Amino acid sequence: MLALPAAPAPVRRRTLLVGTAYACAGLMAFFVGLIAIYLQQRIDIGGGNTNTWLPKKVVVPEPLANTMLLTFALSSLTVQWAVYSMRRHNRRDTAWAMGLLVVLGAAILNAQSFIWSQMKLPIMGDTVYNVLFYMVTGAFFLAVVVGLILAVIGAFRALAGRVGGDATEAFSALALYWHVLFGVFCFVWYVMYVVK
Amino acid sequence: MFPTSSKLFFGASFVAAVVAVVHGLVSGDVAGIIVLSGVAIIAAFLGGVGAWSRDGQAAIPSGGVSAVPSAAAVSSSIWPMVGGIAAAITAVGLVVDQRIFGFGLVMLGATGAEWMLQSWSDRASADPAFNAQLRGRLGHPFEFPVLGAVIAGSIIFAFSRVMVALKEMEATIVFSVVGLVILLAAVLVAMRPRMSGRGISALAGLGAVVLAAGAIAAINVGEAEHEHKEHTELIGNKSVANKANTIATVKYHEGKITFLHDDAEFEDLEVPRATASNLLLRNDSDETVLFVFESVKVETDAEGNTKLVPAHVESDPVGPGKAKVLTVNIPKAGTYKLKIEPIEGGDAHEREVVVQ
């Protein structure tokens, strides 16, 4: 008969944060790969020239993309405000910051949807540009949706009074994910909406 | 100063950055530069997170957390890394090849099972040796046969690639030498029964690396031409093997279309009827063009009657200095048109192609 005592439950410290960092690294690698394919195709097919690369009559709405970038910068600040408040057990400010983050996240998704509707670009067009554009922006849209779901959960936890301790760790992980999303979007914005 | 993971990732970041610079200077390949730079940035990011969180051991900065008890010892695990690789293979396979995608899924499933098994055994008792024994008792009956089959299959595949890449005489020499080396290695192991497991592992590892390198090189070289192999005919003979080959190269340069085979120009391009035939389209002009093949295809109406209708097969846009393959399959013999249309407008050029 085995009579050894059961092992004590392992104590986790910053496991969630480190795990999130690895997930973020995967996310970054995914977008780096997509953008690399996009730029390579732009050179192979369009000869590196925006005019020959973009399908005819397609206008990329740059002001909308710039608004999206600024909204992202604001949301990145907001999520850090939430972490700051959480560390100081300030439940009210944490709830406000998380609520604002959810609103800004929704605004980002709305801006992306509006860009798609303004461009009126069919998914399966005559050139590979259409597919690549939707691949990059659509994948990023999904990444923001994931962040928004985490933010909604965090907002409810803050409203329910879960502040300090492990909850801080969860918020730090969310903040890390959101900052990485912002960094990735800077890259996506420059390639898809500025360089095109 | 820096915890272990930071040293690893900062080192990897530095190496990737150097490789990106060298790759950029040597090849100028944009995708490669971006990917390698991305690897450098991502590794630096992970190194930064590792340093900041002290490999995840730093206390959570939350207004006066009490002292945290030391963590229970858990065995080191390769499954997170293998799982990451499996996920990457699955994602790449989704785009590149269904077989790679399937392999990735199988790898993901196996990783999940192994990870759960290790996680379960780590919590079985406070004695790591007993936990490892318990894990082995449950896992080894499944792992060893599968691992053996995978290794045997890999060896067979690698040897087959090397064999097909060599000519008859070369194959005889190479495999005589390989057989001799394996024999000598076996004699060495047999004469030194006290040879450590680590030494044998190193020997086997070295052999695996050499075999893998040989297989990769052989795949790059391709199949060797043997004396009994017939000279490739210009016109495909409708065999399955010929479907994979290009029957001719269509070159577009300074408004002129030329037909080439083995770099020799010829006048009339003849394509076999009712056979999938590949044409290599080479754009040597300084504009992006489409290659368009105007022909016919079989269409079946609602009552099941078939008729021939005009068909329009076109390539993806082909950039300056680039090449693409266009597959055509014409059901009816005749003379058809191969057109070159510049994407930005301008005069189209055409030549006749005979289908027989």
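As a reminder, the structure under discussion sits directly above these lines.
Residues numbered from 1 in each chain as written. Chains lettered and ligands numbered in written order. Predicted model: local features only at pLDDT ≥ 70, side-chain atom pairs only at ≥ 80, totals over all residues. Heavy atoms only, no water.

Novice: What is the right way to read the overall build of chain B from this model?
Specialist: When you go through chain B residue by residue, the secondary structure sums to eight helices and 10 strands. Counting only residues that meet the buried cut, chain B has 29% of its 356 residues in that class. Across chain B, every contact between residues at least 6 apart in sequence was considered, and the portion connecting residues at least 24 apart equals 60%. Entry remark: accessible area of chain B is about 22,300 Å², with carbon and sulfur atoms responsible for 64%. (Helix = DSSP H or I, 4+ residues; strand = E, 2+ residues; numbered from the N terminus. Buried < 20%, exposed > 50% of the residue type's maximum accessible area, 1.4 Å probe, protein only. Contact = heavy atoms within 4.5 Å. Areas by Shrake-Rupley, 256 points an atom, 1.4 Å probe, with all protein chains shown as cover.)

Novice: Help me out: how do you make sense of the overall build of chain A in this one?
Specialist: Looking only at helices and strands, chain A features six helices and zero strands. Each helix and strand of chain A, ordered N terminal to C terminal, gives the series α-α-α-α-α-α. A buried classification covers 49% of the 196 residues belonging to chain A. A separation of at least 24 residues holds for 80% of the contacts in chain A among residues at least 6 apart in sequence. On chain A, roughly 9,400 Å² of surface is accessible, and the fraction owed to carbon and sulfur atoms is 68%.

Novice: When you look at the side chain of Thr-249 of chain B in this model, what are you seeing that I'm missing?
Specialist: Along the chain, the position of Thr-249 of chain B falls in strand 1 (residues 246-253). Beyond its immediate sequence surroundings of up to four residues, Thr-249 of chain B is in contact with Thr-258, Phe-259, Leu-260, Leu-280 and Arg-282 of chain B.

Novice: Would you take a moment to explain the packing of aromatic side chains for this structure?
Specialist: By convention here, two paired aromatic rings are described through the distance between centres and the angle between planes. Per the stated rule, a full pass over the model turns up 18 aromatic pairs over all chains. Each ring, one from Phe-72 of chain A and one from Trp-178 of chain A, has its centre 6.0 Å from the other, and the planes form 45°; the classification is tilted. Of the two residues, Phe-72 of chain A sits in helix 3 (residues 62-87) while Trp-178 of chain A sits in helix 6 (residues 166-195), which places them 106 residues apart along the sequence. For Phe-72 of chain A, a relative accessible area of 0% gives the class buried. With a centroid separation of 5.2 Å and an interplanar angle of 40°, the aromatic rings of Trp-116 of chain A and Phe-141 of chain A are classed as tilted. Here the residue Trp-116 of chain A occupies a position in helix 4 (residues 91-119), and Phe-141 of chain A occupies one in helix 5 (residues 128-159), the gap between them amounting to 25 residues. Ring-pair connections join several aromatic residues into one group, and the members of that group are Tyr-38, Trp-53, Trp-116, Tyr-129, Phe-133, Tyr-134, Phe-141 and Tyr-193 of chain A. Of note, Arg-14 of chain A hangs over the ring of Trp-52 of chain B, and the distance from its end group to the ring centre comes to 5.4 Å. (Phe/Tyr/Trp six-rings, centres within 6.5 Å; stacked < 30°, edge-to-face > 60°. Lys NZ or Arg CZ within 6 Å of the ring centre and 35° of its normal.)

Novice: How should the layout of surface pockets be read in this particular structure?
Specialist: Unfilled space is identified by rolling a water-sized probe across the atoms. Residue and element names in this part refer to chain B. The space that makes up the second largest pocket amounts to roughly 860 Å³. Elements with a contribution of two residues or more to the lining of the second largest pocket: helix 3 (79-96), helix 4 (98-122) and helix 5 (128-165). The element best represented in the lining of the second largest pocket is helix 5, accounting for 11 residues. Grouping the amino acids of the lining of the second largest pocket by side-chain chemistry returns 15 nonpolar, three polar and three charged. (1 Å grid on protein atoms, 1.4 Å probe; cavity = no way out; pocket = protein on both sides within 12 Å on 5 of 7 lines; lining within 4 Å. Points joined across faces, edges and corners; volume = space filled by probe spheres on them. Nonpolar A, V, L, I, M, F, W, Y, C, P; charged D, E, K, R; others polar.)

Novice: Help me understand the nonpolar core in this model?
Specialist: Nonpolar side chains tend to gather and get buried jointly when the protein is soluble and globular. Grouped together as the largest cluster of nonpolar side chains are 72 residues, with contacts concentrated most on Tyr-129, Phe-133, Leu-181 and Met-192 of chain A together with Phe-45 of chain B. Among the secondary structure elements, those contributing two or more residues to this core are helix 1 (15-44), helix 3, helix 4, helix 5 and helix 6 of chain A together with helix 2 (30-52) of chain B. Other than its neighbours up to four places away in sequence, Phe-45 of chain B contacts Ala-21, Cys-24, Ala-25, Met-28, Leu-176 and Val-180 of chain A. Core analysis: the second largest hydrophobic core is formed by 24 residues, Ala-248, Phe-259, Val-289 and Tyr-336 of chain B among them. (Core = buried A, V, L, I, M, F, W, Y, C linked by side-chain atoms within 4.5 Å.)

Novice: I keep staring at the pairing of strand 6 (residues 289-300) of chain B and nothing clicks. Help me out?
Specialist: Looking along a regular strand, one sees the side chains alternate between the two faces of the sheet. Residue and element names in this part refer to chain B. Where strand 6 meets strand 9 (residues 334-342), six bridges bridge the pair, whose relative direction is antiparallel. Within strand 9, the position partnered with Phe-293 by the bridge is Leu-338. Pairing between strand 6 and strand 7 (residues 306-314): nine bridges, direction antiparallel. Each residue of the ladder has a partner; that of Phe-293, found in strand 7, is Val-313. Hairpin connection of strand 6 to strand 7: five residues between the antiparallel strands, including Gly-304 at a positive phi of 90°. (Pairing = 2+ DSSP bridges.)

Novice: Help me out: how do you make sense of the side chain of Ser-285 of chain B in this one?
Specialist: Residue and element names in this part refer to chain B. Relative to the helices and strands, Ser-285 resides in the loop between strand 5 (277-283) and strand 6. Among the residues examined, Ser-285 registers a relative accessible area of 11% and is labelled buried. Among the polar contacts made by the side chain of Ser-285, one reaches the main-chain carbonyl oxygen of Glu-287 at a distance of 3.3 Å. Among all residues touching Ser-285, those that are not within four sequence positions of it are Tyr-252, His-253, Pro-320 and Gly-321. (Polar contact = N/O pair within 3.5 Å; in protein donor to acceptor, adjacent residues only side chain to side chain.)

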